[in-house]
Amino acid sequence: MLKYIKRLTQNKFVRNVAIVATGTAGAQAIAMAFSPVITRIYSPDTFGAMGTFIAIFDIISPLAALSYPLAMVLPKHDSEAIGLAKISLWIALLTSTAITLALYFFKAPIIHTFNLQSIEPYILLLPITMFFSVLVAITGQWTIRKKLFNLKAKSTIIQSLIINMLKSGLGLISPSAIILIGTTSFGYLLQAGLTWAGIRIKNKKEPKKIQSNIKFKDLLRQYRDFAIFRSPQILLNSVGQSLPILMLANLFTPASVGFYVLARTVLFVPSNLIGASVAEVFYPKFVETLHQGKSGRKILIKACASLAAVGCIPYLIIIAFGPWLFSLIFGDEWREAGEYSRWMSAWLFVVLTTRPIIAAIPALSLQGLFLVFEVIAVAIRIVAILLGYFWLNSALGAIMAFSLSNVIIYSALTALIISKA
């Protein structure tokens, strides 16, 4: 046993996962430590407004750079990766400007059509936040490409500490939605700035001459499947994941959105802590395995099984004690969020186990198939929420149906991708 543990700790893949997980764990620990304070400062309605803003942002953000930052890990040469970064920035600038103009000139009909009155004063922050998110994606993908996992961990922790301090401190002065939304937007810029500063320091210590004579049009054409297939897929997935927020806001009350947002935030901790860490380290390793002409099925199954073994513990605890834990930690008015969390746990457990599956899709060139799958998945989610609403006529009923539909969707996706690996 001791020999196995020693061998495990010496494994480079495991060490890299541990480094990323440490950063994510630190950030999540900071966020959770501040959560009991923040939930007692801001009301469920305020959380609901922030949730609506994030839902709209999640829907439009895949259009920001047409997913070209995700391709930065794939090229063999750094010059091509840098070219993809520049392409991403130009596309982000154009799309952010276009959305800003659209929101400025057609603000009233957009607000009325989508029932976005709760975020009307802050809606122009959407394209700004979208551009900041592209900066995060570019710097983040570069750290993954260069395996600067320690840098990523440090910047994640610092960003979480600063943002949560701002939310708490400014909330004591004015516990309004603009504080939550504004600090969330600033968080993307801060994350990108911290990571970029670390990259610059690293480059000064290890100077490298990178000659870039790659034409942008060649890169656009070579990695066009990210724009053609991956961006629509991420867009559809974002629509599917944002459906509960948007439909709860229209069918029920802002407070129900707030309950859902808090429950999702808490339940995503294991997925962000463990799943994202494994996926970030798994992706370049999986690409390297395929470059060597080897099958990726074995490493894919092993990664999913390991996440399932680890993830079952926290989600089983939530299923058993969710309402009691939420009322104890966040206050009595958040007990309903604990009820939501019981049903959402099954869905987010499956999300955790499929993190390597999602990461493997670009490397397997299955983005077209994934897009078709996502179209079907969105339709299933819409039907599920409507069935839950009309069947039980409650927000909880809609969440139950939505969660069970996601269990089916992600389980099917896992079987499909493993069969193609």
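Quick caveat, the model's predicted, so the values are computed rather than measured.

Participant: When you look at the overall build of the chain in this model, what are you seeing that I'm missing?
Facilitator: Looking only at helices and strands, one finds 16 helices and zero strands in the chain. In the chain, buried positions account for 51% of the 421 residues. Within the chain, residue pairs in contact and separated by at least 24 positions form 83% of the contacts whose partners lie at least 6 positions apart. When the accessible surface of the chain is split by element, carbon and sulfur atoms take 69% of a total near 19,600 Å².

Participant: Explanation requested: the environment of threonine 195 in the structure shown.
Facilitator: Here threonine 195 is to be found in helix H8 (residues 177-205). Taking the C-alpha atoms as reference points, threonine 195 and glutamine 159, separated by 36 residues in sequence, lie 9.9 Å from one another. What threonine 195 contacts, discounting residues up to four positions off in sequence, is Thr139, Thr143, Leu151 and Ser155.

Participant: I keep staring at the side chain of threonine 52 and nothing clicks. Help me out?
Facilitator: Within the element layout of this structure, threonine 52 appears in helix H3 (residues 44-60). Residue contacts for threonine 52: discarding those within four places in its chain leaves Leu116, Ser118, Ile119, Ile245, Ala249 and Val257.

Participant: Would you explain the environment of isoleucine 38 in this entry?
Facilitator: Residue position: isoleucine 38 is located in helix H2 (residues 12-41). The exposure class assigned to isoleucine 38 is buried, which follows from its relative accessible area of 6%. For isoleucine 38 and serine 168, which are 130 residues apart along the polypeptide, the C-alpha to C-alpha distance reads 5.9 Å. With residues up to four places along the chain from it excluded, the contact list for isoleucine 38 reads Phe47, Asn164, Lys167 and Ser168.

Participant: Please explain the pattern of salt bridges as it appears in this structure.
Facilitator: A side chain with one charge can pair with a side chain of the opposite charge if their charged atoms come near. In total, this model carries five salt bridges according to the counting rule given. The partner of aspartate 78 in a salt bridge is lysine 146, and the shortest N-O contact between them spans 2.8 Å. Taken together, the residues span a long stretch of sequence, with aspartate 78 in helix H4 (residues 78-105) and lysine 146 in the loop between helix H6 (125-145) and helix H7 (149-173) at a distance of 68 residues. Given the relative accessible area of 17%, aspartate 78 is considered buried.

Participant: Explanation requested: the nonpolar core in the structure shown.
Facilitator: If you look at soluble globular proteins, the nonpolar side chains tend to sit buried side by side. Judged by nonpolar contacts, the single largest core of 79 residues is most densely connected at Phe47, Leu126, Tyr223, Tyr260, Tyr340, Met344 and Trp347. Apart from the residues within four sequence positions on either side, phenylalanine 47 is in contact with Ile38, Thr39, Tyr42, Leu180, Gly258, Val261 and Trp334. Counting residues in hydrophobic clusters, the runner-up holds 14 residues, among them Cys304, Ile357, Ile409 and Leu413.

Participant: Honestly, a nonpolar patch on the surface in this entry has me stumped. Any pointers?
Facilitator: There is a patch of nonpolar side chains on the surface, built from Ile313, Ile317, Phe321, Trp324, Leu328 and Ile329 and spanning about 610 Å² of accessible area. Along the polypeptide, phenylalanine 321 turns up in helix H12 (residues 297-330).

Participant: Help me understand the packing of helix H13 (residues 335-353) against helix H16 (residues 395-420), please; the structure alone is not making it clear to me.
Facilitator: When two helices pack together, their arrangement is captured by the angle between the axes and the distance separating the axes. Closest axis-to-axis distance for the H13/H16 pair is 7 Å, and the angle between their directions is 10°. Between H13 and H16, the angle falls in the class roughly parallel. Contacts between H13 and H16 pair Glu336, Glu339, Tyr340, Trp343, Met344, Ala346, Trp347, Val350 and Val351 from the former with Ala395, Leu396, Ile399, Met400, Phe402, Ser403, Leu404, Asn406, Val407, Tyr410 and Ser411 from the latter. Broken down by class, the residue content of the contact of H13 with H16 amounts to 15 nonpolar, three polar and two charged.

About the thresholds
- Every chain is numbered independently, its residues counted from 1 as its sequence is written.
- Totals for whole chains, interfaces and linings use every residue, but because this is a predicted model, local features are given only for residues with pLDDT of at least 70 and side-chain atom pairs only at 80 or more, for both listing and counting.
- For side-chain calculations, the full set of non-hydrogen atoms in the structure is used, while hydrogens and water are omitted.
- Each helix is a run of H or I in the DSSP string that is no shorter than four residues. Each strand is a run of E no shorter than two, and both are numbered from the N terminus.
- The buried label goes to any residue with under 20% of its type's maximum accessible area, the exposed label to any with over 50%, and the partly exposed label to all in between, with areas taken from a 1.4 Å probe on protein chains only.
- Only heavy atoms enter the contact rule, under which two residues are in contact if any of them lie within 4.5 Å.
- The method behind every accessible area is Shrake-Rupley, applied with a 1.4 Å probe, and residues are considered shielded solely by the protein chains displayed.
- Within this document, salt bridges are pairs made up of a side-chain nitrogen of Lys or Arg and a carboxyl oxygen of Asp or Glu, the two lying within 4 Å of each other.
- By nonpolar core is meant a set of buried Ala, Val, Leu, Ile, Met, Phe, Trp, Tyr and Cys residues that side-chain atoms within 4.5 Å join together.
- Think of a patch as exposed residues, more than 30% relative accessible area, with no salt bridge, where like charges cluster within 9 Å and nonpolar side chains (Val, Leu, Ile, Met, Phe, Trp, Tyr) cluster within 5 Å.
- Every axis corresponds to a line fitted to the C-alpha atoms, with the helix fit spanning only the stretch in contact, and the corresponding angles, defined between N-to-C directions, vary from 0 to 180 degrees.
- Angle categories are assigned with fixed cut-offs, so that under 35 degrees is roughly parallel, over 145 is roughly antiparallel, 65 to 115 is roughly perpendicular, and the rest are oblique.
- The classification used treats Ala, Val, Leu, Ile, Met, Phe, Trp, Tyr, Cys and Pro as nonpolar, Asp, Glu, Lys and Arg as charged, and all other residues, Gly among them, as polar.

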